[in-house]
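Analysis of the macromolecular model
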Protein chains: 2
Amino acid sequence: MRQTCTLIPTMRETPADAEIASHQLLLRAGYIRQSAAGVYSYLPLANRVLRKIERVIREELERVGAIEVLLPALQPAELWHETGRWDEYGLELFRLQDRHDRDFALGPTHEEVITSLVRDELNSYKKLPLTLYQIQTKFRDERRPRFGLLRGREFIMKDAYSFHLDEDSLDETYEQMKDVYSKICNRLGLRFKVVEADGGSIGGTDTHEFMVLSDVGEDVIAYSDASNYAANREMAEVLPIALNAEEQDAILPMERVATPNERTIEEIVTSLKIPIEQTIKTLLFLVDGQLTTVLCRGDYEVNEIKLKRVLHAEQVELAEDAFIHEQLGCHVGSIGPVKLPVGMKVIADWSVRTVRNGVCGANEDGYHYVNVNPEHDFAVDRYADIRNIQEGDLSPDGEGTIQFTKGIEIGHIFKLGTQYSEKMKATALDCDGRAQPFQMGCYGLGVSRLLAAIAEQYNDEHGLKWPAQLAPYQIHLVVVNMKNDEQRALGEELYALLQSYRYDVLYDDRDERAGVKFADADLIGLPIRITVGKKASEGIIEVKYRANGEQSEWQKEELTEKLQQYFTEL
Amino acid sequence: MRQTCTLIPTMRETPADAEIASHQLLLRAGYIRQSAAGVYSYLPLANRVLRKIERVIREELERVGAIEVLLPALQPAELWHETGRWDEYGLELFRLQDRHDRDFALGPTHEEVITSLVRDELNSYKKLPLTLYQIQTKFRDERRPRFGLLRGREFIMKDAYSFHLDEDSLDETYEQMKDVYSKICNRLGLRFKVVEADGGSIGGTDTHEFMVLSDVGEDVIAYSDASNYAANREMAEVLPIALNAEEQDAILPMERVATPNERTIEEIVTSLKIPIEQTIKTLLFLVDGQLTTVLCRGDYEVNEIKLKRVLHAEQVELAEDAFIHEQLGCHVGSIGPVKLPVGMKVIADWSVRTVRNGVCGANEDGYHYVNVNPEHDFAVDRYADIRNIQEGDLSPDGEGTIQFTKGIEIGHIFKLGTQYSEKMKATALDCDGRAQPFQMGCYGLGVSRLLAAIAEQYNDEHGLKWPAQLAPYQIHLVVVNMKNDEQRALGEELYALLQSYRYDVLYDDRDERAGVKFADADLIGLPIRITVGKKASEGIIEVKYRANGEQSEWQKEELTEKLQQYFTEL
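From a predicted model like this one, the values you see are computed outputs, not experimental measurements.

The figure often quoted for interface size is the accessible area lost as the parts come together. On the side of chain A, 53 residues touch chain B, which itself brings 53 residues to the contact. Summing both sides of the interface, chain B and chain A together bury roughly 4700 Å²; the carbon and sulfur share of this comes to 62%. Here chain B is connected to chain A by six salt bridges. B:Glu121 is the salt-bridge partner of A:Arg33, the closest N and O atoms lying 2.6 Å from each other. Between chain B and chain A we count 14 residue pairs in polar contact (both at pLDDT 80 or more) in total. Grouping the constituent residues of the side of chain B that touches chain A by class yields 30 nonpolar, seven polar and 16 charged.

Put into structure tokens, the structure is as follows:
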């Protein structure tokens, strides 16, 4: 493609609103343009990368028998009423009415549409399992669209849905899709982690996220430094520290000490000169309306998602200070587990179990207890994992210790079970002729988000650095001075030659200064730049690898052979 | 693909709402399902055909240097205000608001978005001409969605837009695109006509439609039986009949005759025993508010679009009878061009010029004039082509005579000129540094509509009959009885063999009756059916060509060679 014949509007300046490298560079290198907040046009270069990403996705999905369909973006509200999500989904759902005032949603996801379709068209176990997928534009009215393609309001997704008669079959497809997603990420050249995740609004029990590692990611991933274990920080299980009574210090008598000026754990630690590991943090929660004491070692954070799950609660919220004062006669900083009102439930994180001769509030403002020991000085109704994991913790799989990193979520897979099929009465007959609700899985992959995530991992201060298998063109052929007859002639000769060898070539035939051309080439980021410059008359061309910056000179006669070698070795 | 592993929900019954063959068969053969009025899901088979159509379109467009982009469906209202179309477009434009109450349109077309993009990113003649295209889902809130994919509310379009510095360049690209569209239609195997058309709401001057010939088409095409001439019936120019005074009868004296019971032209013709070609139909129009007499031979219809164009009028409407009575003292059926009030303009179709000794109303209820002759008995301010063409008329290109046929519009190309670029202030600098508004062309092609149009041309009473290059699979391999070990074994052997030869095979491995399988195969309409039945034990398979119904028996050893021959000869 001649650069004069396509649209690659590069920019020198970094756009003001673009906060992260991928957003800045995709704009600067002329890949995308914003049309409205979170709504983008994909210009010719971005469109080519999207096509290549889509091809990889299709190939890998079809290898495991997933079948492509295309579902509508306009979704009748009736379907969303069936699952209750018309009301639950909130402002993120774009809604509109047609000329007859009928309500529609602009699909952010397609559980309702696909379940309705399969409910109507598939009724026998003989046709199961079935996995349908589509690559399609989705709409989500994000509260705060940002980071370019990473959090847009109109974006391209691959979404797949699997249907099964039983959980075993769902489990099998789920594991297969987990593998497929890993293969796709590998083929796209991404550094990523498969992370245990939270179901969120789509729901579901077993669920994993595919996180592309990046400092600009908004999610913290806890991973093992010695195994494949990885989880959303909030989801990572914390193993109990083994309790070895013999190794513990002797229990000392509990004492009440005045702490008139100490209000935070840090102040207590400083004032009483004890390690923070010996402090017991006490929080009061309203668990489905019931006041509950929650304990955790002072250096850890209570995780409300875990608390909710452990207590099988619908709602968990911190009690307000005024309410605490009314119940216990002291303020929130002074509460502790000793001598609590009769009948108040005490839930403690495993970390509290191994505290020996610890410190806690005395339920009296201005006082703490020291030499406090669980079971000895206060009772615990239940120990459980209710804290956030921290760097240095043991990995839950027993291998290595936990490290943190940040990630961009590009894929999310869920076992939905029967939650949609039951609400929508979608059933198949089993081999005994009984109607069973479908077991379902759903598998999302952000296609336009992948484009940005790859750009985020493949760039330097000069621009993008596409992996060869995804670059919009394989080769950037740059003629330094189009007004020089020898250079132009050699440029044209090589352009024709490379095309005849079926290379995808972007040919910079513009009448621009050399500096502009080289800067644009670095910005655009094709894997190989072939420069025709002053040595054109000697038949010498300069080759530069974008990945490592290496440059060398080739005789033009060597070109096709050396290129073949380069692309074969990739 | 094993048929047990995909979703092809065939139906025996014809769905009640489906009026035409393509709609009925795409539903019955399990290609599409309706999700809401005019909103469809493309099931696996339809998706495969769509992909193949898209590939043909992309190949042909890229051959002429058109560049693919992807623009957003969500379009800010501000852009539509710039062109005035936010108000003009009416109910067909789906509109919605985001969470901040900002107005958006769901794109039915992308002139505004692309003009805005090019306005911002391209400013020099050096980068022109440029043709950008996309294949994308479009939305249009049709008043009456019907005919399945032919008139839907969510549909797939290829839309292209070209930008030029001058009209010559636009003309060149326009002609190129007209060729490209013809090539695409030819590759898709369509019988079609390129038709001179009306600009419609997108506007534009020069414009052509690509019509797929079909009795279910809603447009009447006038075409020459001896040349490539074709036009929308309403648009077709009618040549004046040559006036040869010498060959005409002698002028007879005009007479007033009583016609107390004759109110229509047919009644006059019968009562006065004259040929209809000798009657003069007189109509009164309000042309931009001014009463104007419009004449036409009695056997022809006045064409208001032509009238409007001839008179350079904004608005043209038939005067109401009450108003006519007030002005002329008679009712609408009695008006005529003789002795009209002074100053009333008379516009006559060319057909009136050759009427000799004709009949017309006398501007007096119950009377007509006979032996009326134009110029002799009444004056005509202007003769022009203001009637609809009819079958048997001379073709406007002078070759052959006009025939009518019906067509489905699948493509529409326009020269937009500067109408969008001027309103949106989109300019490029010419070589003298002067800002010029872009000359623009736009080129639409209905991708999902093509799917239906092809189905409409390729079917019989048993089902669809895809051209081989578009069929969702090339080969339908049907094992008659999967419970028969020999048949199943041979089926599996051939399935593996055909896959190894890279054929796209749909393998009917279902446990169904032979009748069901054969009926489904005919419905689905793949070009070749290979049946493994009772002669499996002898290694004999039956081959049936869907196009002509021919059947023959092959030895299994001949299979790959004969298939290669078949697909090579296509």
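Don't stop here, the text continues.
Let's shift gears to the relation of the copies chain B and chain A. Expressed as a screw transformation, the operator carrying chain B onto chain A has a rotation angle of 180 degrees and an axial translation of 0.1 Å, and the superposed copies differ by an RMSD of 0.2 Å. What the superposition gives is, in effect, a two-fold axis relating one chain to the other. Relative to the rotation axis, the closest C-alpha in chain B is found at B:Leu96, a distance of 2.6 Å. A high fraction, 100%, of the interface residues of chain B reappear at the interface in chain A, so the copies pair face to face through one surface.

With that out of the way, let us pick up the packing of helix α13 (residues 485-500) of chain A against helix α15 (residues 559-569) of chain A. All names here are of chain A. The interhelical angle for the contact between α13 and α15, taken along N-to-C directions, is 45 degrees, at an axis separation of 11 Å. Comparing the axis directions of α13 and α15 gives the class oblique. In this structure, α13 crosses over α15, and the sense of that crossing is right-handed. Across from Leu494, Leu497 and Leu498 in α13, the residues of α15 making contact are Leu559, Thr560 and Leu563.

What follows covers the pattern of salt bridges. Taken as a whole, this structure holds 93 salt bridges over all chains when the rule is applied. A:Glu54 is the partner of A:Arg58 in a salt bridge, and the nearest nitrogen-oxygen pair spans 3.9 Å. Of this pair, A:Arg58 and A:Glu54 both sit in helix α2 (residues 44-63), separated by four residues, roughly a single helical turn. Taken individually, A:Arg58 and A:Glu54 each receive the classification buried, so the pair is uniform in this respect. Each member of the salt-bridge network shares a partner with another, and the members are A:Arg51, A:Glu54, A:Arg58, A:Glu68, B:Arg51, B:Glu54, B:Arg58 and B:Glu68.

This part takes up the pairing of strand β14 (residues 280-287) of chain A. All names here are of chain A. Among the eight residues in β14, six count as buried, and that is most of the element. Direction of pairing for β14 relative to strand β15 (residues 290-297): antiparallel, over a ladder of eight bridges. Its bridge partner lying in β15, Lys281 is registered against Cys296. Counting the residues in the hairpin turn of β14 and β15 gives two residues, including Asp288, whose phi is positive at 45 degrees. With three bridges joining them, β14 and strand β16 (residues 316-318) adopt antiparallel strand pairing. If you follow Val287 over to β16, its bridge partner there is Val316.

A few words now on the domain arrangement of chain A. Domains assigned within chain A are domain 1 (47-213 + 409-453), domain 2 (245-384) and domain 3 (473-569). The C-alpha centroid of domain 3 of chain A is placed 69 Å from the C-alpha centroid of domain 2 of chain A.

The next thing to look at is the sheet that holds strand β20 (residues 382-384) of chain A. Residue and element names in this part refer to chain A. Strand order in this open sheet of five strands is β16-β14-β15-β17-β20, and the pairing throughout is mixed. Edge positions in the open sheet fall to β16 and β20, since each of these has one partner strand only. Across the sheet, the mean angle from the axis of one strand to that of its neighbour is 35 degrees, orientation sign disregarded.

With that settled, consider the environment of B:Lys406. Residue and element names in this part refer to chain B. Tracing the backbone shows Lys406 in strand β21 (residues 402-417). By relative accessible area, which is 39% here, Lys406 ends up partly exposed. Along the backbone, Lys406 and Glu218 are 188 residues apart, and their C-alpha atoms lie at a distance of 6.7 Å.

Let's shift gears to the side chain of A:Arg356. Residue and element names in this part refer to chain A. Note on placement: Arg356 falls in the loop between α10 (350-353) and β18 (358-361). Salt bridges are absent for the buried Arg356, whose nearest opposite-charge side chain, Asp249, sits at 7.3 Å. At a separation of 2.5 Å, a polar atom in the side chain of Arg356 contacts the main-chain carbonyl oxygen of Asp249.

With that settled, consider the pairing of strand β6 (residues 103-106) of chain B. Residues and elements named next belong to chain B. Bridge analysis of strand β4 (residues 74-76) against β6 gives three bridges, and the strand direction is antiparallel. Each bridged residue has a counterpart across the sheet, and for Gln75 the counterpart in β6 is Ala105. In this sheet, β6 lies alongside strand β5 (residues 94-97) in antiparallel orientation, the contact comprising four bridges. By the bridge assignment for β6, Arg95 is matched with Ala105. Remark: five residues form the turn of the hairpin made by β5 and β6, two consecutive strands paired antiparallel; Asp101 in that turn has positive phi of roughly 65 degrees.

About the criteria used
- Residues numbered from 1 in each chain as written.
- Chains lettered and ligands numbered in written order.
- Predicted model: local features only at pLDDT ≥ 70, side-chain atom pairs only at ≥ 80, totals over all residues.
- Heavy atoms only, no water.
- Contact = heavy atoms within 4.5 Å.
- Buried area = accessible area lost by both parts, 1.4 Å probe.
- Salt bridge = Lys/Arg side-chain N within 4 Å of Asp/Glu carboxyl O.
- Polar contact = N/O pair within 3.5 Å; in protein donor to acceptor, adjacent residues only side chain to side chain.
- Nonpolar A, V, L, I, M, F, W, Y, C, P; charged D, E, K, R; others polar.
- Least-squares fit on C-alpha atoms with pLDDT ≥ 70 in both.
- Axes fitted to C-alpha atoms, helices over the stretch in contact; angles between N-to-C directions.
- Helix = DSSP H or I, 4+ residues; strand = E, 2+ residues; numbered from the N terminus.
- Parallel < 35°, antiparallel > 145°, perpendicular 65-115°, else oblique.
- Left-handed = near helix turned anticlockwise from the far one by under 90°.
- Buried < 20%, exposed > 50% of the residue type's maximum accessible area, 1.4 Å probe, protein only.
- Pairing = 2+ DSSP bridges.
- Domains from an automatic or database assignment.
- Lys, Arg positive; Asp, Glu negative; His and termini not counted.

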